[in-house]
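Okay, here's what each chain looks like letter by letter:
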Amino acid sequence: MGSELKTHYSKLLDVHLDPIRVNVGGRPVLVVMPDVSRIEGLSVELLATYNRARAEHADACLLTSVEPSHHPLLALEPSDLRIVHADGVSGAWLRLLWRMAAVERRAVDGWSRASRAFRVEWSRELRRQGGDERLPLELRGWLRARARRSLAKAAVPPGATTRFPRRLLRDRVHASLPSGMLAEASATARALGIDPAVPTVTVDVRRRPDTCASVSSWLANRGYCVVRVGEAPDPVPVRATIDLASSRQRTPLLDLFVLSTSRFLVCDSLEAQHVAYLTNTPSLLLNAHDPFSGYPVRDDGLFTLSTPVDLDTGQTLTPDALLHEARLKDVRDCGFRDNTAAEVLAAVQEMHDGVTAGWSTSPGQIRFRDRVAAAGEAMAARVAAAAEWGPDAGFIGDGRLARWQAEGSAS
Amino acid sequence: MSRILFVMLHPGFIRYYEGALEGLAGAGHEVRLAFEVSHDKLGANALARRLEAASPRITCGDAPTRSDSVRDFLARLDRSATRSGLARQRGGRREAREHAWESLATTVRLILDYLRFLEPAFARADKLRDRAEKRLPRVYVPVVRAVAAAGGRTRRAFAAVLRAVERAIPTSPALEAFVRGQRPDLLLLTPLIELGSQQVDYVKCARRLGIRSALCVASWDNLTSKGLIRVIPDHVIVWNDVQKTEAVALHGVPPDRVVVTGAQVFDRWFDARPSRSREAFCRAVGLDPDRPFVLYVGSSTFVAPDEVPFAERWIARLRDSGDPTVASLGVLVRPHPANARQWRTLDPRIWPNVAIWPPIDGDPNGPDVHRDYFDSLFYSSAVVGINTSAQLEAGIVGRPVLTVRAPEFAHSQAGTLHFQHLVSADGGLVQAAATLDEHVEQLGRVVRGERDPSEANRRFVRSFIRPHGEDVAAGGVFVGAIETLARMPPPAPRGPSWSTVLARPFAYAAAKAAGVLAEDRPLWVYPLRPAVTAAVWMGATVFWARTAMREHVRPRIKRLRRGAQRARHESAHAVEKRWKRARRRARRALAIANSAVRREQP
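A word on the overall build of chain A
Helix and strand content of chain A: 15 helices and 15 strands. Summarising its shape, the C-alpha atoms of chain A cover approximately 85 × 65 × 40 Å along the three principal directions. Expressed as a percentage of its 411 residues, the buried residues of chain A come to 53%. Long-range pairs, those at least 24 residues apart, make up 70% of the contacts in chain A between residues at least 6 apart in sequence.

The following block contains the structure:
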């Protein structure tokens, strides 16, 4: 466990590059080259681009080396947005423009990285020189002060990190797979026993799949077909599920098809939650380790936090403890206890109620959302995790913390 | 009676040799323990105090302090640290020279250790290789990788060059004086194979002074998961023939120098008896005495940094099992003493009949620890763990031992050679399952008594723990071996060869460079440094000149100026006085003259 909460959004994208805007045939087009090798960031990148293009009344163009038909996420076609296919001369021209923009951004990034590295080394060198006891005391003090200044200048201000674009993910993009792929995935799903007439719930829980056993039974009793997807640490079949995780016929297309046709998703990873934003599937994220990164953007999203435990005393802490700056900056003394099967079941029941009967937000959930947003705003300038995953211009998300946890936290 | 000097990395190693050391002292030998690092991790210093109290023939103390210990060396590697090393070492030239040699020695040893993990035998040991790589200054990493990629012959040639450099590094005079002052008949060392270990210097000292030396291999993973024995001592004392093969094949130790004694650390388990009834034990730990229980033994931080989720999954799988024997099994979790904190996140109350024992904040060296541990092994129906020596102890106590090959622990199971001893040596002590389902099936069989592990355990114990016979205590064999070695005539002192002496000036240049490169700074820093240093010293000169001006020259100028002012003032005053006096005289003379004129006029 690192000394700071994971802040990996900026790492998902090698060089975060906003789309470039060009005119093609008199129409504005937002051009982006998503990194398809990093599946984790791809869904956010696509969704943000589509929503930005829609807001700017532009078309979108994806420059990839992969044929959309070979990558299910790229194959998703938004119904209310025109996707420009970059091929031939125009494609080459757009690629050239993109590369020039990327070179420029890389040069700027490279320069600022190099300058930061230089300042750090300069600081270390000054400190090293300041350690020479033969030098006059005042001069050594002066060298140390200069070293501190240089180091302070080298630090990346938390506010300068790439922010998770919450607002751009808020609006839905209605996208569907091309009919050929849809037919293929549908046929495979049917062959594996997934009946299109039966409502499906997708479960992508990798860390503690055992906690979903009672959930499966509960959902099955309510007429759901539970499908387990994702990379499983061990092939543990959960009762009343169709286990695609250990199936040889599992493909990324099948996973996406199941997810897009599901009533909702139960997952324990941000990546799965982000793909659910793209497919407009309501999602329940389990065992988030901090209140910012997992906070659901959409109003049909729910999440639960792992129970923080003080590793020195063994005392369990409330979720509010994770909103304190000291805890976010240094998590070495903080462990996390995963949600129990009963807690997961309570969250799934709330999810089911929300999806079937409409969402209601309790006062405790509203208070927790407000506290997260306020804490995120307050800490954005000092804590990288809050700057990166925190509120996007005051917006943390329309989703909510599971009621059992929010009410417990409020009390 | 012999004098034995036993150099240990830290007092924690006492627990591997406690009984044997008492045996040596009991046989009348003087035993001096010297610790390179004196820390109280897990209360290890209490062990040293206990041992000293047990016999007046055992004394404990610190080994000489190094001018550049491996810890200091590694601290300098930390690029993220905002604190840097001193520009100039304290002390005189001699210290600076020693510092440079030690930097070179640590660098060479770390390179050799890293190179080792690039051998084909360690192809799957990614985590071990990463650990060795992280300790090495980054500037060397691409070089070593390129050498390793060039093939076995290049690798061997490179290793030979590094060994030649190691030979050229002189021993520390302080260390020599320490060893000479102890006048030992036998020098023992453990563990010697830590990454970059400086204990090699003791072997070199012993060789130079004509003292017999021996490495005591402390544990079953030592020869495969850590560094190399870079300078071979006169003898290597190992547990069993498997380790003998490792010492010969992986470390290049001549077979005639290897002494097989057995694992003395486990002797206590052979004679131990439970301290209370099963019912009393179960009640004490919080388990149902009417149900059999399985003991889960936790692993170290390196093996299982995040073990709790697996343990939770495992317990849940047992509870969820269709086999009623397994589903109703009690579960007792015993955290690894050095990796206990993470277990605070496990809440055993969510399952019936699950407990953690001993308590996480308990003293790992407390008087009842072994007793409680033995009781938990003895009364368990089976023992499950990832990869830990507790599995060996369970085998000695005669319990079935099981493991699951979990993907998150692949680095410490398939990725280590010593795990293979558990699952394959002499038929294997541990039943390894590929999946939790298979594991539950195996567990059900052993709990129901359908599979008797006693023969497999006995076979393993005979070959791995007590190779001289199941009834022959390894501690006694160890003491006998030490006595024999101590009685042997000392080897002739061996000074450095002429080629080594000739190579030393070049090696010293390399030592200076190694000292600088150990800072692990980007290469552009080094050419810039003379300019920065010159600027700093110019600044210091200006500073000194200013200070000298302020403290010495300025007051003198001030004094001079004041003197001048005073002189001017005084001289002006005197002139004025004289002038006034002259004027008065003149006036008086004029007045006299006037009155004279007036008198002469009628």
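Some words on the domain arrangement of chain A
All names here are of chain A. Taken as a whole, chain A is organised into domain 1 (17-86), domain 2 (92-160) and domain 3 (179-410). Once you take the C-alpha centre of each, domain 1 and domain 2 turn out to be 35 Å apart. Taken together, the contact between domain 1 and domain 2 spans 13 residues of the former and eight residues of the latter. Of the roughly 1,000 Å² buried between domain 1 and domain 2, counting both surfaces, carbon and sulfur atoms make up 78%. Applying the counting rule to domain 1 against domain 2 returns zero salt bridges. Where domain 1 touches domain 2, the interface holds one residue pair in polar contact (both at pLDDT 80 or more). Contributing elements (two or more residues each) for the side of domain 1 that touches domain 2: β1 (20-24) and β2 (27-32). Broken down by element, the residue count for the side of domain 1 that touches domain 2 peaks at three residues, all from β1.

Topic: the packing of aromatic side chains
All names here are of chain B. Following the criterion strictly, the structure yields 23 aromatic pairs over all chains and no others. Note on W269 and Y373: the rings are 5.0 Å apart at their centroids and 85° apart in plane angle, and the pair reads as edge-to-face. In this pair, W269 is assigned in helix α12 (residues 267-271) and Y373 in helix α16 (residues 369-379), connecting sequence segments 104 residues apart. Pair check on accessibility: W269 and Y373 agree, each one buried. Aromatic side chains F378 and Y379 sit 5.3 Å apart centroid to centroid with 85° between the ring planes, which places their arrangement in the edge-to-face category. A residue is classified by how much of its surface remains accessible, and F378, at 31% relative accessible area, is partly exposed. For Y379, a relative accessible area of 13% translates into the label buried. Taken together, the aromatic side chains of W269, F281, F293, Y373, F374, F378 and Y379 make up a single cluster linked through ring pairs.

Examining the state of the cysteines
Tallying each qualifying case throughout the model produces zero disulfides over all chains. Cysteine C267(A) is unpaired, with the sulfur of C212(A) as its nearest cysteine sulfur at 10 Å.

Re a positive patch on the surface
Taken together, the side chains of K577(B), R578(B), R581(B), R583(B), R584(B), R585(B), R587(B) and R588(B) make up a positively charged region of the molecular surface. With respect to the element layout, R578(B) can be found in helix α23 (residues 525-600).

Section: the interface of chain B and chain A
Accessible area lost upon the coming together of the parts is a frequently used measure of interface size. Contact with chain B, which involves 48 residues of that partner, is made by 41 residues of chain A. Buried surface at the junction of chain B and chain A, summed over both partners, amounts to about 3,900 Å²; 56% is from carbon and sulfur atoms. The largest per-residue losses of area from chain B upon contact with chain A belong to R313(B), R341(B) and R344(B), which jointly make up 16% of the total buried on that side. One salt bridge connects R207(A) with D306(B), and the closest N-O pair in it is separated by 3.4 Å. At the surface where chain B touches chain A, the tally comes to 14 residue pairs in polar contact (both at pLDDT 80 or more). Among the elements of the structure, α14 (308-319), α19 (436-447) and α23 of chain B are those that each provide at least two residues to the side of chain B that touches chain A. Ranked by the residues each element gives to the side of chain B that touches chain A, the list is headed by α23(B), at eleven residues. Split into classes, the residues belonging to the side of chain B that touches chain A amount to 20 nonpolar, eight polar and 20 charged.

Some words on the pattern of salt bridges
Going through the model one piece at a time under the given rule, you end up with 62 salt bridges over all chains. Close ionic contact of R21(A) with E56(A) constitutes a salt bridge, the shortest N to O distance being 2.7 Å. One end of the pair, R21(A), is in strand β1; the other, E56(A), is in the loop between α2 (39-55) and β3 (59-62), and 35 residues separate them in sequence. Among the ionic pairs, E450(B) bridges to R448(B), the shortest N-O distance being 2.8 Å. By relative accessible area, R448(B) is classed as partly exposed at 38%. Because the salt bridges share partners, they merge into one network encompassing E36(B), R66(B), E102(B), R109(B), E166(B), D201(B) and K204(B).

Considering empty space enclosed by the protein
All names here are of chain B. For the coordinates displayed, the defined rule picks out four cavities of 30 Å³ or more. By volume, the largest cavity amounts to about 50 Å³. It is α16 that provides the largest number of residues to the lining of the largest cavity, a total of four residues. When its residues are assigned to classes, the lining of the largest cavity shows four nonpolar, one polar and two charged.

A look at the domain arrangement of chain B
On domain assignment, one finds that chain B holds domain 1 (1-63 + 186-263 + 467-495), domain 2 (84-170 + 497-521), domain 3 (268-465) and domain 4 (528-602). Summarising the inter-unit geometry, the C-alpha centres of domain 1 of chain B and domain 4 of chain B are found 84 Å apart.

Concerning the packing of α16(B) against helix α17 (residues 390-397) of chain B
All names here are of chain B. In the contact formed by α16 and α17, the axes pass within 9 Å of each other and the chain directions differ by 65°. For the element pair α16 and α17, the recorded crossing hand is right-handed. Residues Y373, F374, L377 and F378 of α16 touch α17, and the partners they reach there are A390, E393, A394 and V397. Its residues placed into classes, the contact of α16 with α17 shows seven nonpolar, no polar and one charged.

Observations concerning the sheet that holds strand β13 (residues 430-433) of chain B
Residue and element names in this part refer to chain B. Read from one edge of the open sheet, six strands run β10-β9-β8-β11-β12-β13, paired in parallel fashion. This sheet does not close on itself; its edge strands, each paired only once, are β10 (354-356) and β13. The mean inter-strand angle of the sheet, taken between neighbouring strand axes irrespective of direction, is 25°. Note that strand β12 (residues 401-404) and β13 share four bridges and pair parallel. Across the sheet, residue L402 finds its bridge partner in β13, namely Q431.

Considerations on the confidence of the model for chain A
All names here are of chain A. Per-residue pLDDT for chain A has a mean of 86; in total, 91% of the residues score no lower than 70. When mean pLDDT is compared element by element in chain A, strand β12 (residues 301-305) scores highest at 97, while helix α1 (residues 9-12) scores lowest at 54. The low-confidence segment residues 1-6 (pLDDT under 50) makes 21 contacts with residues lying over four places distant or belonging to another chain.

A few points about helix α5 (residues 126-135) of chain B
All names here are of chain B. Among the residues of α5, L128, R129 and A132 are the ones counted as buried. Buried positions in α5, seen along its axis, are confined to an arc of 100° and lie on one side of it. Tucked into the core, α5 has its buried residues touching α4 (93-116) and α10 (222-225).

So, how was this worked out
One numbering rule holds for all chains: residues counted from 1, following each sequence as written. Both sets of labels track the order of writing: A upward for chains, 1 upward for ligands. Per-residue local features are limited, in this predicted model, to residues with pLDDT of at least 70; the limit for side-chain atom pairs, both in listing and counting, is 80 or more; totals at the level of whole chains, interfaces and linings are taken over all residues. Only hydrogens and water are set aside when side-chain values are computed; all heavy atoms of the structure are taken into account. For the purposes of this entry, the term helix denotes a DSSP run of H or I that reaches at least four residues, the term strand denotes a run of E that reaches at least two, and both are numbered from the N terminus. Exposure categories follow from relative accessible area, calculated using a 1.4 Å probe and restricted to protein chains: below 20% of the type maximum is buried, above 50% is exposed, and the middle band is partly exposed. In this analysis, two residues are considered to be in contact whenever any of their non-hydrogen atoms come within 4.5 Å of each other. Reported domain spans reflect what an automatic or database domain assignment gives. Here's the idea: put two parts together, see how much 1.4 Å probe accessible area each one loses, and the total over both is what we call buried area. Any Lys or Arg side-chain nitrogen located within 4 Å of an Asp or Glu carboxyl oxygen qualifies as a salt bridge. Polar contacts, as used here, are pairs of N or O atoms within 3.5 Å; protein pairs need one atom able to donate a hydrogen and one able to accept it. Residues neighboring in sequence count only if both atoms are side-chain atoms. Any Phe, Tyr or Trp ring, taking Trp's six-membered ring, that has another such ring centre within 6.5 Å forms a pair; planes under 30 degrees apart are called stacked, those over 60 apart edge-to-face, and the others tilted. Working definition: a disulfide is two cysteine sulfur atoms within 2.5 Å of each other. Patches in this entry comprise residues that are over 30% relatively accessible and not in a salt bridge; like charges within 9 Å are linked, as are nonpolar side chains (Val, Leu, Ile, Met, Phe, Trp, Tyr) within 5 Å. To measure how exposed things are, a 1.4 Å probe is used in the Shrake-Rupley method; for residues, cover is taken only from the protein chains shown. Counting rule for charge: Lys and Arg are taken as positive, Asp and Glu as negative, and neither His nor the chain ends is counted. Every charge is mapped to an atom, namely NZ of Lys, CZ of Arg, CG of Asp or CD of Glu. Residue polarity is assigned by list, with Asp, Glu, Lys and Arg as charged and Ala, Val, Leu, Ile, Met, Phe, Trp, Tyr, Cys and Pro as nonpolar; anything else, Gly included, falls into the polar class. The definitions used throughout rest on a 1 Å grid laid over the protein atoms alone, on which a cavity is an enclosed set of points accommodating a 1.4 Å probe that cannot get out and a pocket is an open set flanked by protein within 12 Å on both sides along at least five of seven lines; lining residues are those having an atom within 4 Å of a point. Grid points are joined across faces, edges and corners, and a volume is the space filled by probe spheres set on the points. Axis lines are fitted through C-alpha atoms, for helices just across the contact stretch, and the angle between N-to-C directions can take any value from 0 to 180 degrees. Note on convention: the crossing is left-handed when the near helix lies turned anticlockwise from the far helix by less than a right angle, right-handed when the turn is clockwise. Only when DSSP finds a minimum of two bridges between them are two strands counted as paired. A residue's pLDDT is simply how confident the predictor is in it, with values from 0 to 100. Note that the arc is defined by the directions from the helix axis to the C-beta atoms.

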